[in-house]
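Residue-level listing of the chains:
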Amino acid sequence: MSTQTPPDNIHEDTDLLTEIAILYYQQSATQEEIARKYKISRPKVSRLLRKAREEGIVEITVKFHPVHSAQLEQRLMARFNLKRALISLDQPSPAEQRTQVATLVSTYLDGNLNDGMVVAVGQGQNVAAVADHPGVVSHRQARFVCAIGGTHRSGDAFNADHICRRLAKKFGGSSETLYAPAYVDNESIQQVFVSHPNISETLNQARKAEFALVGIGDMDENSHMVKLGCFTAREFVEARVNHGIVGDIGGFDFFRLDGQPTDNLMRGRVVGLAMPDLARIPSVIAMASESRKALSILGALRTGVIDVLATSASCAMALLNMSEPAPDETAFMFQQDE
């Protein structure tokens, strides 16, 4: 005599949840068809599908339409008083997301960079992605100047020197190296470097730039700066926990969530520009493609030095959700509805 599993008491193991999820999401079976197949009720099928999502067996990704991205750009510009926001559609992998954000920045630079202009360049993977973007651009007689040191690791493709050289090749301009390490042990050593005539001259060129191209970093112990040995994981943890630091702009300066810098172990160790220098540059383009950096981006925006933000749609939504709307944005939204 055969036995049947009593309705609605079917064992909810991972294999079963996966089978039902595949039937529903990939093979377009209805909940009614699944209920008949497994001899369970339709509400039970609905509950199992919900459990599959909760346990991570099913991940649902909403892809934003380009029109939605344009709306996000307008809202971010109004909320944070930006000249421009460049919002990439969400991509399935960090590498693809970085490429998409870099594509937007590359196109923006191509449309706004003129002969004779100077671009102060920071470090990091996102900025490097702009230099490595293969898109065709018009040649410019622009000058790309290192805004932070970094020649201590000649093989590091993410330091400002290597990025400047690749940007100059990409846009047909020239590059200026800052012959110094990015970070030193203390302020006394830093002062020796920044007072050197060659280094001082390069930094002055960067300060007079029309554009700055910088990344936004977070305080993750696995960040690029920790991996390079510029700072220790312990220093990052202490800065985050004891000083409330949430990130850095271009590797130049570190800030809290309210956008204010703090005195900590990191200050006085950077051979490069500082936040006041960035504030004087007419167009600071800041990039962050990683979804984990939403809090860091918010702090960076509150410093007041960013003019153009390039990020993903999911980060843009997070920024809008974490911040209060400005009065002029509220007016903008009412006008859109009319």
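Our structure's up above, just so we're on the same page.
Residues numbered from 1 in each chain as written. Predicted model: local features only at pLDDT ≥ 70, side-chain atom pairs only at ≥ 80, totals over all residues. Heavy atoms only, no water.

Novice: Account for helix α1 (residues 14–26), naming residues and giving values.
Specialist: Compared with an ideal rise of 1.5 Å per residue, which puts 13 residues at 18 Å, α1 spans 17 Å between its outermost C-alpha atoms and is within 8% of the ideal. Restricting attention to buried positions, one finds in α1 the residues Leu16, Leu17, Ile20, Ala21 and Leu23. All buried residues of α1 lie within an arc of 165° about the axis, which places them on one face of the element. Away from its buried face, by an angle of more than 90 degrees, α1 presents the exposed residues Asp15 and Gln26. Where the residues of α1 are buried, they touch α2 (31–38) and α3 (42–54). Backbone geometry just after α1 places Ser28 at a positive phi near 60°. (Helix = DSSP H or I, 4+ residues; strand = E, 2+ residues; numbered from the N terminus. Expected span 1.5 Å × (residues − 1). Buried < 20%, exposed > 50% of the residue type's maximum accessible area, 1.4 Å probe, protein only. Arc of directions from axis to C-beta. Contact = heavy atoms within 4.5 Å.)

Novice: Outline helix α14 (residues 313–322), listing residues and values.
Specialist: All buried positions along α14 are accounted for by Ala313, Cys315, Ala316, Leu319 and Leu320. One face of α14 carries all of its buried residues, which in axial projection span an arc of 160°.

Novice: Could you give an account of the packing of aromatic side chains, naming the residues involved and the relevant values?
Specialist: Think of a pair of aromatic rings as described by two things: how far the centres are apart, and how the planes are tilted against each other in angle. This structure, assessed with the given rule, holds two aromatic pairs. On the numbers, 5.7 Å between centres and 35° between planes, the contact of Phe144 with Phe171 is tilted. Of this pair, Phe144 sits in strand β3 (residues 143–146) while Phe171 sits in helix α7 (residues 160–171); the two residues are 27 residues apart in sequence, bridging distant segments of the chain. Each member of the pair, Phe144 as well as Phe171, is classed as buried. (Phe/Tyr/Trp six-rings, centres within 6.5 Å; stacked < 30°, edge-to-face > 60°.)

Novice: Lay out the pairing of strand β8 (residues 283–287) with the relevant residues and their values.
Specialist: In summary, the side chains of a regular strand alternate between the two faces of the sheet. Burial within β8 is extensive, with five of its five residues counted as buried. Here β8 shows a buried face lined by Ser283, Ile285 and Met287 and a second buried face lined by Val284 and Ala286. Pairing geometry for strand β5 (residues 211–218) and β8, over five bridges, is parallel. Bridge pairing links Phe211 to Ser283 in β8. Here β8 pairs with strand β9 (residues 308–312) via three bridges, running parallel. Following the sheet pairing, Met287 is matched in β9 by Ala310. Assessed by its sense of winding, the connection that carries the chain from β8 through helix α13 (residues 294–302) to β9 is right-handed. (Pairing = 2+ DSSP bridges. Right-handed = clockwise from strand over helix to strand, strands pointing away.)

Novice: Tell me about the pairing of β3, and please be specific about residues and values.
Specialist: One ladder, built from four bridges, connects strand β2 (residues 118–121) with β3; its direction is parallel. Bridged to Val119 within β3 is Phe144. The sheet contact formed by β3 and strand β4 (residues 174–176) spans three bridges and is parallel. Bridge assignment links Arg143 to a residue of β4, and that residue is Ser174.

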